[in-house]
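Observations on the model geometry
Listed below are the residues making up each chain.
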Amino acid sequence: MQIFGVDIGGSGIKGAPVDLERGELAQERHKVLTPHPATPDGVADAVKEVVGHFGWTGPVGITFPGVVTGGSMIRTAANVDKSWIDTDARTLFGSRLNGLPVTVLNDADAAGVAEMKFGAGRDRKGTVIVLTLGTGIGSALFVDGALVPNTELGHLELGGHEAEKRASTKAKEDHDLTWEHWARRVRKYLAHVEMLFSPELFVIGGGVSRKSEKFLPLIEGVTAEIVPAQLQNNAGIVGAAMRAATTA
Ligand code: BGC
């Protein structure tokens, strides 16, 4: 079965039909730039363009980089326009997509769901934490494979700062940090999250997971196993489609 997945990110909005048996994109994904400011109307237009590119007429799963409750209500908007807060995203996207069934979930939760079924977390029991390092830091917490949604561990405080302001890949780029310097920050962050949750496994996602050899070997003093995500940039799209298959 195929379902459409859309991933809303800080720089791009990308989507494709997903083959749910294989956990892969069924066609090459289509990407448009995220509008600035990333308002609900602007983002909804971009989502319409992505979905319209494929002439898709079935259910659509959409990720959002903030807290999403009940598959619809946006509660936070750290890295997108604040006017998203309290937006009913299912209604917004559903009407923009001419009534297609829509479900919305947090972007890191979507990536996590995909990694747990098809990627680095496959068949893993116990506590697993998927962290996406990008514009912000997203988190997805799994206990015996079940998602505890909207954990928002990127906003933990680390040395008097929000963790995502220190250890996201945006922080690395903004402050021109070396891999060594940035890895020290990521190490501190992982040690803090480990202190709170004692996971068996950390899965590190986001675009930087493609360069894991540059920083994962530098991370010491964390007991949990640490592995790079396997679905990389498509995890959000795949996870969104998986969720839509069960709820939209
Ligand atoms: C948001 C999270 C999101 C993460 C990654 C954070 O700033 O609060 O909801 O998952 O960024 O996009």
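Everything numeric here is computed off the predicted structure, so don't read it as measured data.

Working note: regular strand, side chains alternate between the two faces of the sheet. Along strand E1 (residues 2–8), six of the seven residues are buried, which leaves the element largely enclosed by surrounding structure. Pairing between E1 and strand E2 (residues 12–19): seven bridges, direction antiparallel. Each residue of the ladder has a partner; that of Ile-3, found in E2, is Val-18.

Take the nonpolar core next. With 30 residues, the main nonpolar core has Val-47, Val-60, Trp-84 and Phe-93 as its most contacted residues. Breaking this core down by element, the ones donating at least two residues are E1, E2, helix H1 (40–53), strand E5 (60–64), helix H2 (89–96) and strand E8 (102–106). One finds Val-193, Ile-204, Leu-216 and Ala-224 within the second-largest nonpolar core, a separate group that totals 26 residues.

For the structure on display, the rule yields seven aromatic pairs. Summarising the aromatic geometry, the rings of Phe-4 and Trp-56 are spaced 5.6 Å apart at their centres and angled 50 degrees between planes, so their arrangement reads as tilted. Separated by 52 residues along the polypeptide, Phe-4 in strand E1 and Trp-56 in the loop between H1 and E5 bring together distant segments of the chain. Accessibility expressed as a relative area gives 0% for Phe-4, which makes it buried. For Trp-56, a relative accessible area of 19% puts it in the buried group. Ring-pair connections join several aromatic residues into one group, and the members of that group are Phe-4, Phe-54 and Trp-56.

To continue, consider the side chain of Ser-139. In this fold, Ser-139 is placed in strand E10 (residues 137–143). The class for Ser-139 is buried, based on a relative accessible area of 2%. Reaching out from Ser-139, the side chain makes a polar contact with the backbone nitrogen of Glu-152 at a distance of 3.2 Å. One polar contact links the side chain of Ser-139 to the main-chain amide nitrogen of Leu-153, over a distance of 2.8 Å. If we ignore the near neighbours within four places in the chain, the residues touching Ser-139 are Asn-106, Ala-108, Asp-109, Val-130, Leu-131, Thr-151, Glu-152 and Leu-153.

Definitions and cut-offs
Residues numbered from 1 in each chain as written. Predicted model: local features only at pLDDT ≥ 70, side-chain atom pairs only at ≥ 80, totals over all residues. Heavy atoms only, no water. Buried < 20%, exposed > 50% of the residue type's maximum accessible area, 1.4 Å probe, protein only. Helix = DSSP H or I, 4+ residues; strand = E, 2+ residues; numbered from the N terminus. Pairing = 2+ DSSP bridges. Core = buried A, V, L, I, M, F, W, Y, C linked by side-chain atoms within 4.5 Å. Phe/Tyr/Trp six-rings, centres within 6.5 Å; stacked < 30°, edge-to-face > 60°. Polar contact = N/O pair within 3.5 Å; in protein donor to acceptor, adjacent residues only side chain to side chain. Contact = heavy atoms within 4.5 Å.

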